[in-house]
Amino acid sequence: MDIYDRPHFEEEHKIFRENFRKFCEEEIVPQQQQWLNDGMVSREIWELAGEFGFLCPFADEEYGGMALRDFRFSQIMTEELGRICESGFALGLHNDVIAPYIEAYANAEQKARWLPDIISGKAILAIAMTEPSTGSDLQAIKTRLEDKGSHYILNGAKTFISNGILSDLVIVAAKAPEGVTLVVVERGMDGFKRGRRLEKMGLKSQDTAELFFENVTIPKANVLGAPGQGFVYLMQKLAQERLVCAIGAVATAQFAFSETLKYVKERTAFGKPIGTFQNTRFGLAEMRTEVTIGQNFVDTLVMKLNAGQISSEEACMAKWWCTDMVNRVVDKGVQFHGGYGYMLEYPIARAYVDARIQPIFAGTNEIMKEVIGRGLGLS
Ligand SMILES: Cc1cc2nc3c(=O)[nH]c(=O)nc-3n(C[C@H](O)[C@H](O)[C@H](O)COP(=O)(O)OP(=O)(O)OC[C@H]3O[C@@H](n4cnc5c(N)ncnc54)[C@H](O)[C@@H]3O)c2cc1C
């Protein structure tokens, strides 16, 4: 069974997958070890992805996009990055989480100013919500925008920001007099400083970092949408972000399953392949079942997202269930690899440490259940 050949994909998706897979094999795989050593991916890979048309293919042609408004293309790219265990090149974050804010809330002048570079890979994106003292409780952020008439003055600190070092445009959530407001901070603005690249247990080639804003002058022309509407905008875009996480989780789980299946067929103990022990067979059967359940759920939600019918609760269900599931699956995968499963040179070990963040970021799984519970009238 070819797990990439599923009924909701059509011929154009298959061709797109082939192209993106080729890009992954030729341009990403040879760089992965270097990126792991460097603690970040190269700037060149972003520009190359732009040249190949893999950045924001949904964007309008006037900005350099292809107007491919079909989330199946995003799903394919996330799946293919999972297939090669690539967790540093945050394409899904750039394309499907952050660029949509610009698409939806930027005015015509801002789109013309930012989108061409976002689509060509010259401008790498980050979004900065989390602060040292608050993550889940977004309303409690302390980063401030002081209104000076023609501009704002931004002060505050953010942490755990993906693409923190490489990013050129950062959407920052801050409190203005009107309430939570989104502003775009650009590389090189006076007072915008990057802290250290944070040492993480996994995602070793992702440049997660702290960001500091010390009296940064923010022109009013860099406010995204209406001041005070930031919280509403963030809530409106979260369903897609959560679905991206769920797709990534299923892709990593699939990767862990494939690696483990291969391994248990090759490794022998007591004179036979370890895959022939009933315990191993049952374990692999459970892994396969969980991945399939997750896959079917996310495929359904991708089509619902395309039709504009996904609910916030469904996206939360997919995010919590799939990101918990991937941790069960990678854990089993490590166990079946024995001691080799604990060695970082084995991809299963990398998948294990990478997976642990998934129930935490993009809203913790506890927050997902809060949203679902509220939808049941249990607030
Ligand atoms: C690798 C990585 C990348 C990240 N990338 C980004 C990024 O690009 N941009 C960004 O803004 N942030 C990013 N984050 C931050 C991430 O989204 C937050 O860490 C996450 O939202 C949790 O916030 P917190 O760490 O402050 O935990 P807290 O909010 O302090 O939560 C701690 C614990 O309390 C629980 N808890 C909190 N409130 C409730 C409640 N009401 N009910 C039940 N339990 C609750 C949580 O579920 C959790 O288990 C990233 C984090 C990591 C580690």
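Residues numbered from 1 in each chain as written. Predicted model: local features only at pLDDT ≥ 70, side-chain atom pairs only at ≥ 80, totals over all residues. Heavy atoms only, no water.

## Considering the side chain of Glu 103
Part 1 of the reasoning: As for its position among the elements, Glu 103 is in helix H5 (residues 91–105).
Part 2 of the reasoning: Apart from residues no more than four positions distant in its own chain, Glu 103 is found in contact with Phe 58, Ala 59, Asp 60, Arg 69 and Lys 111. (Helix = DSSP H or I, 4+ residues; strand = E, 2+ residues; numbered from the N terminus. Contact = heavy atoms within 4.5 Å.)

## Quick notes on the packing of aromatic side chains
Part 1 of the reasoning: Within the structure shown, the criterion is met by 13 aromatic pairs.
Part 2 of the reasoning: On the numbers, 5.1 Å between centres and 55° between planes, the contact of Phe 23 with Phe 52 is tilted. You can see Phe 23 sitting in helix H1 (residues 11–28) and its partner Phe 52 sitting in the loop between helix H3 (43–51) and helix H4 (71–83), a full 29 residues away along the chain.
Part 3 of the reasoning: Both rings, one in Phe 192 and one in Phe 213, keep their centres 5.4 Å apart while their planes meet at 20°; by these two values the pair is stacked. In this pair, Phe 192 sits in strand E6 (residues 192–197) while Phe 213 sits in strand E7 (residues 209–219), placing the two residues 21 residues apart along the sequence. As far as the burial class goes, Phe 192 and Phe 213 line up, both buried.
Part 4 of the reasoning: An aromatic cluster is defined as three or more aromatic residues linked by ring pairs; in this entry it consists of Phe 16, Phe 20, Phe 23, Phe 52, Phe 54 and Phe 73. (Phe/Tyr/Trp six-rings, centres within 6.5 Å; stacked < 30°, edge-to-face > 60°. Buried < 20%, exposed > 50% of the residue type's maximum accessible area, 1.4 Å probe, protein only.)

## Observations regarding the site of the ligand
Part 1 of the reasoning: Around the ligand lies a shell of 19 residues, among which Met 129, Thr 130, Ser 136, Thr 364 and Glu 366 are the nearest.
Part 2 of the reasoning: At 2.7 Å from a nitrogen atom of the ligand is found a side-chain nitrogen or oxygen belonging to Thr 130.
Part 3 of the reasoning: At a separation of 2.6 Å, an oxygen atom of the ligand approaches a polar side-chain atom of Glu 366.
Part 4 of the reasoning: Taken by itself the ligand offers 970 Å² of open surface, and the protein chains cover 65% of this. (Near = heavy atom within 4 Å. Polar contact = N/O pair within 3.5 Å; in protein donor to acceptor, adjacent residues only side chain to side chain. Areas by Shrake-Rupley, 256 points an atom, 1.4 Å probe, with all protein chains shown as cover.)

## Let's talk about the domain arrangement of the protein
Part 1 of the reasoning: As far as domains go, the protein holds domain 1 (11–120), domain 2 (125–227) and domain 3 (231–375).
Part 2 of the reasoning: Taking the mean C-alpha position of each, domain 1 and domain 3 sit 22 Å from one another.
Part 3 of the reasoning: With 17 residues of domain 1 in contact, the opposing surface of domain 3 contributes 23 residues.
Part 4 of the reasoning: Roughly 1900 Å² of surface becomes buried between domain 1 and domain 3 when both sides are summed, with 66% attributable to carbon and sulfur atoms. (Domains from an automatic or database assignment. Buried area = accessible area lost by both parts, 1.4 Å probe.)

## Some remarks on the pairing of strand E4 (residues 169–176)
Part 1 of the reasoning: Buried residues dominate E4, accounting for 7 of its 8 residues.
Part 2 of the reasoning: Pairing geometry for strand E1 (residues 125–128) and E4, over 4 bridges, is parallel. Residue pairing across strands places Ile 127 opposite Ile 171, the latter belonging to E4.
Part 3 of the reasoning: Two elements, E4 and strand E5 (residues 179–186), share 8 bridges in a ladder whose sense is antiparallel. Note that in E5 the partner of Ile 171 across the bridge is Val 184. (Pairing = 2+ DSSP bridges.)

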